[in-house]
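Residue-level listing of the chains:
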Amino acid sequence: MSTAFSLAPLFRSSVGFDRFNDLFETALRNEPGSSYPPYNVEKHGDDQYRIVVAAAGFQEEDLELQVEKGVLTISGGKRDANEGVTFLHQGIAQRAFKLSFRLADHIEIKAAGLSNGLLSIDLLRVIPEEAKAKRIPINGAQKPALQ
């Protein structure tokens, strides 16, 4: 029996932040059907991310992206069956799906595209000036005025 503890499941449904409380909450939540369709979450720099969803058999009009209250939802509608076609074997799943990703503060969707059966969603962390850390100079020679 292995005693190794993998944190990989924690990073599958979060993009752009390392808050362990949120990650553990997500990992402990049992979401049925969250493994279809397969997807990757990639980091391309300090502030650049990409989600790639294997959406084989889906067209742009079959897919919908929505962001609400910091949650990115990707859904794919069930495609109409081809009339007059009888499948001898149907290995390409075209069932409806819904994937949700909780986004960190200041994460924005920059682009989305469907190419070769892969839906790519580019994300960028844009931190506003008022939220950035500020360096405060220390003036050792001056004493603050007390009133």
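These lines cover the structure that appears in this document, whether it is placed above or below. Everything quoted here is computed from the prediction, not taken from an experiment. (Residues numbered from 1 in each chain as written. Predicted model: local features only at pLDDT ≥ 70, side-chain atom pairs only at ≥ 80, totals over all residues. Heavy atoms only, no water.)

The next point concerns the nonpolar core. By size, the foremost hydrophobic cluster in this structure holds 18 residues, and its most contacted members are Ile51, Leu72, Ile74, Phe97, Ile121 and Leu123. For this core, the secondary structure elements donating two or more residues are strand S3 (48-54), strand S5 (71-76), strand S6 (97-103) and strand S8 (118-125). With four residues, the single largest contributor to this core is S6. (Core = buried A, V, L, I, M, F, W, Y, C linked by side-chain atoms within 4.5 Å. Buried < 20%, exposed > 50% of the residue type's maximum accessible area, 1.4 Å probe, protein only. Helix = DSSP H or I, 4+ residues; strand = E, 2+ residues; numbered from the N terminus.)

So, about the pairing of strand S7 (residues 107-115). Strand direction decides the pairing type here: S7 and S8, joined by eight bridges, are antiparallel. Its bridge partner being in S8, Gly113 is matched across the sheet by Ser120. Between S7 and the antiparallel strand that follows it, S8, lie two residues; Asn116 among them carries a positive phi value of about 55 degrees. (Pairing = 2+ DSSP bridges.)

What follows is about the pattern of salt bridges. The final tally for this structure, using the stated rule, is three salt bridges. The salt bridge involving Asp47 is made with Arg125; its shortest N-O contact spans 3.3 Å. Here Arg125 lies in strand S8 and Asp47 lies in the loop between strand S2 (39-43) and S3, a separation of 78 residues in the sequence. Of the charged contacts in the structure, one is a salt bridge between Glu108 and Lys110, with a shortest N-O distance of 3.3 Å. Residue Glu108 is classed as partly exposed on the basis of its relative accessible area of 35%. (Salt bridge = Lys/Arg side-chain N within 4 Å of Asp/Glu carboxyl O.)

Limitation: the analysis is restricted to geometry and does not speak to function.
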